[in-house]
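Examination of the molecular architecture
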Amino acid sequence: MSTIILGIESSCDDTSAAIIKDGVLLSNIVAGQAVHESYGGVVPELASRAHQQNIVPVVHEALKKAGVSKDEISAVAFTRGPGLMGSLLVGVSFAKGFARALDIPLIDVNHLKAHVLAHFIKEKDEEAEQPEFPFLCLLVSGGNSQIILVKSYDEMEVLGQTIDDAAGEAIDKCSKVMGLGYPGGPIIDKLARQGNPKAYTFNKPHIPGLDYSFSGLKTSFLYSLRDWIKEDPDFIENHKQDLAASLEATVVEILMDKLRKAAKQYKINQVAVAGGVSANTGLRNAFHEHARKYGWKIFIPKFGYTTDNAAMIAITGYFKYLNKDFCSIDLPAYSRVTL
Ligand code: KG4
């Protein structure tokens with residue numbers, strides 16, 4: 001008999017549902033929330049309201065696209081955390097109700113682990129190479145910047161992480177200072193393609209070990225801009241491409257310096273990247289460059305799996321299902337948790 005997992009993701013501002021059958025992805029529906037754009041960031045209350053509206057149609061669409069009926073589902077996997085509590089509660093409550101109604105197992109998924117395991121999502125007729133354990137994964141998003149040693153589907157060790165801002169958060173804040181839209185990451189990426197990455201230099205942190213820090217870069221960017229604007233009020237408009245390219249290059253350099261150090265220290269040459277910032281062109285280019293220069297075997301996710309999606313929740317749920325790693329219905333959501 002086939003194993004069919006319904007995955008549910010609602011940790012931030014994307015409502016998503018996916019169906020995985022025997023490890024193969026059949027559907028992955030994501031409903032974004034444009035409502036936050038005019039606020040320059042995610043508004044938690046608006047996010048949970050939008051999840052309430054989206055969750056039923058999104059699950060319905062995922063089932064329809066997969067050609068699977070509710071009765072065929074083996075288990076429901078859901079994001080338990082970390083994330084915004086009001087948002088998580090929508091997905092968690094839906095998953096619990098759905099599983100209880102069909103009398104099938106529930107599987108709780110750590111959102112961060114799921115980002116890492118997104119590298120194991122297999123689409124129909126796809127023969128993409130997957131990482132072998134152990135491998136390193138750079139998890140970079142709006143809330144995290146971590147270097148993870150992935151020992152198995154379930155066993156992951158954080159080797160280093162940011163002590164203040166996450167990389168995506170720093171990029172978003174610098175973009176906001178420049179008066180660009182939200183989220184800043186994709187805008188900076190686009191502008192950077194037309195700019196000179198060596199035009200400006202910003203402070204890089206001196207943190208021991210494998211930890212990161214991005215708050216100094218953010219402050220250095222802000223203070224430099226202030227000085228330049230004093231001399232030329234149109235400085236940002238006249239130099240936004242070079243500013244974006246130099247900012248992106250600094251973030252990528254900071255990320256890759258520590259990742260290289262980790263690869264050397266742990267003698268691992270399989271290196272993956274995950275999370276929203278893994279969509280960044282400069283970071284992807286740096287991974288390819290490292291593959292050429294240091295012989296790394298690299299794993300870069302498809303764009304659709306860089307941001308929040310239920311396919312990664314469903315594949316993590318599938319691995320847990322094979323281990324009969326189920327959870328009880330009284331399990332609460334958690335807003336903060338590490339791996
Ligand atoms: O993983 P994710 O979707 O969720 C959160 O952690 O909230 O990551 C979102 C982050 C944002 O900071 C966004 O600006 C950044 O990923 N991002 C990018 C790009 N696309 C998204 N950063 C740089 N370049 C991009 N192309």
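Our subject is the structure that appears above.
Here goes a summary of the coordinates provided. Quick caveat, the model's predicted, so the values are computed rather than measured.

**Digging into the side chain of His290**
Looking at the element boundaries, His290 is found in helix 8 (residues 281-294). The class of His290 is buried, set by a relative accessible area of 6%. Apart from the residues lying within four places of it in its own chain, the contact partners of His290 are Met256, Arg260, Gly295 and Trp296.

**Comments concerning the pairing of strand 10 (residues 270-274)**
Counting buried positions along strand 10 yields five of five residues, so the element is predominantly enclosed. Both faces of strand 10 are covered, namely the face carrying Gln270, Ala272 and Ala274 and the face carrying Val271 and Val273. Judged from the four bridges that link them, strand 7 (residues 135-140) and strand 10 form a sheet pairing that is parallel. Bridge assignment links Leu136 to a residue of strand 10, and that residue is Val271. Taken together, the three bridges between strand 10 and strand 11 (residues 297-299) define a ladder with parallel strand orientation. The partner of Gln270 across the bridge, within strand 11, is Lys297.

**Focus on the packing of helix 1 (residues 44-66) against helix 2 (residues 85-102)**
At a minimum axis distance of 8 Å, the contact between helix 1 and helix 2 shows a crossing angle of 30 degrees. If you check the angle between helix 1 and helix 2, you find them roughly parallel. The crossing of helix 1 and helix 2 is right-handed. Taking contact as the criterion, the partners of Ala47, Ser48, His51, Gln52, Ile55, Val56 and Val59 in helix 1 are, on helix 2, Gly86, Ser87, Val90, Gly91, Phe94 and Phe98. A per-class count over the contact of helix 1 with helix 2 returns seven nonpolar, six polar and no charged.

**A few points about the nonpolar core**
Among the nonpolar cores identified, the biggest contains 46 residues, and Leu136, Leu138, Phe214, Leu255, Leu259, Leu283 and Phe287 are the most heavily contacted of them. Mapped by element, the contributors of at least two residues to this core are strand 7, strand 8 (145-150), helix 4 (167-177), helix 5 (184-192), helix 6 (215-231), helix 7 (235-265), strand 10 and helix 8. When residues in this core are grouped by element, the largest group, 14 residues, is from helix 7. Among all residues touching Leu136, those that are not within four sequence positions of it are Ile147, Ile148, Leu149, Leu159, Leu259, Ala262, Ala263, Ile268, Gln270, Val271 and Ala272. Within the second largest apolar cluster, 33 residues are counted, among which are Ile121, Ile148, Ala274 and Tyr318.

**With respect to the site of the ligand**
Around the ligand sit 17 residues in total, of which Gly142, Asp172, Asp189, Gly276 and Asn280 are the nearest. Ser141 is positioned such that a nitrogen or oxygen atom in its side chain is 3.2 Å from an oxygen atom of the ligand. Within the backbone of Gly142, one N or O atom sits 2.8 Å away from an oxygen atom of the ligand. Protein contact buries 84% of the 560 Å² of open area that the ligand shows by itself. Elements that contribute at least two residues to the shell around the ligand include exactly helix 4 and helix 5. By residue number, the principal contributor to the shell around the ligand is helix 5, which donates three residues.

**What to know about helix 2**
Over its 18 residues, helix 2 runs 26 Å from end to end, which matches the ideal 26 Å to within 8%, given 1.5 Å per residue. Of the positions making up helix 2, those classed as buried are Ser87, Leu88, Val90, Gly91, Val92, Phe94, Ala95, Lys96, Phe98 and Ala99. Buried-residue contacts for helix 2 involve strand 1 (4-9), helix 1, strand 4 (75-81) and strand 5 (106-110). The first or second residue beyond helix 2 is Asp103, which carries a positive phi of 55 degrees.

**Concerning helix 4**
Residues spaced three or four apart along an α-helix face the same direction, because each turn holds 3.6 residues. Buried within helix 4 are the following residues: Ala167, Gly168, Ala170, Ile171, Asp172, Cys174 and Ser175. Against strand 7, strand 8, helix 5, helix 6 and helix 7 lie the buried residues of helix 4. After helix 4 finishes, the residue Gly179 shows a positive phi value of roughly 75 degrees.

**Some remarks on the pattern of salt bridges**
Think of it this way: side chains of opposite charge can pair up when their charged atoms draw near. Following the criterion strictly, the structure yields 19 salt bridges and no others. Where Lys302 meets Glu123, a salt bridge forms, and the shortest distance between an N and an O atom there is 3.2 Å. In this pair, Lys302 sits in the loop between strand 11 and helix 9 (310-322) while Glu123 sits in strand 6 (residues 122-123), placing the two residues 179 residues apart along the sequence. For the salt bridge of Glu129 with Lys297, the shortest nitrogen-to-oxygen distance reads 2.7 Å. Within this pair, whereas Glu129 is found in the loop between strand 6 and strand 7, its partner Lys297 is found in strand 11, the two being separated by 168 residues in sequence. By relative accessible area, which is 54% here, Glu129 ends up exposed. A relative accessible area of 33% places Lys297 in the partly exposed class. Each of Arg80, Asp108, Lys320 and Asp325 takes part in salt bridges that share partners, so that together they form one network.

Reading guide: rules and limits
- Residues numbered from 1 in each chain as written.
- Predicted model: local features only at pLDDT ≥ 70, side-chain atom pairs only at ≥ 80, totals over all residues.
- Heavy atoms only, no water.
- Helix = DSSP H or I, 4+ residues; strand = E, 2+ residues; numbered from the N terminus.
- Buried < 20%, exposed > 50% of the residue type's maximum accessible area, 1.4 Å probe, protein only.
- Contact = heavy atoms within 4.5 Å.
- Pairing = 2+ DSSP bridges.
- Axes fitted to C-alpha atoms, helices over the stretch in contact; angles between N-to-C directions.
- Parallel < 35°, antiparallel > 145°, perpendicular 65-115°, else oblique.
- Left-handed = near helix turned anticlockwise from the far one by under 90°.
- Nonpolar A, V, L, I, M, F, W, Y, C, P; charged D, E, K, R; others polar.
- Core = buried A, V, L, I, M, F, W, Y, C linked by side-chain atoms within 4.5 Å.
- Near = heavy atom within 4 Å.
- Polar contact = N/O pair within 3.5 Å; in protein donor to acceptor, adjacent residues only side chain to side chain.
- Areas by Shrake-Rupley, 256 points an atom, 1.4 Å probe, with all protein chains shown as cover.
- Expected span 1.5 Å × (residues − 1).
- Salt bridge = Lys/Arg side-chain N within 4 Å of Asp/Glu carboxyl O.

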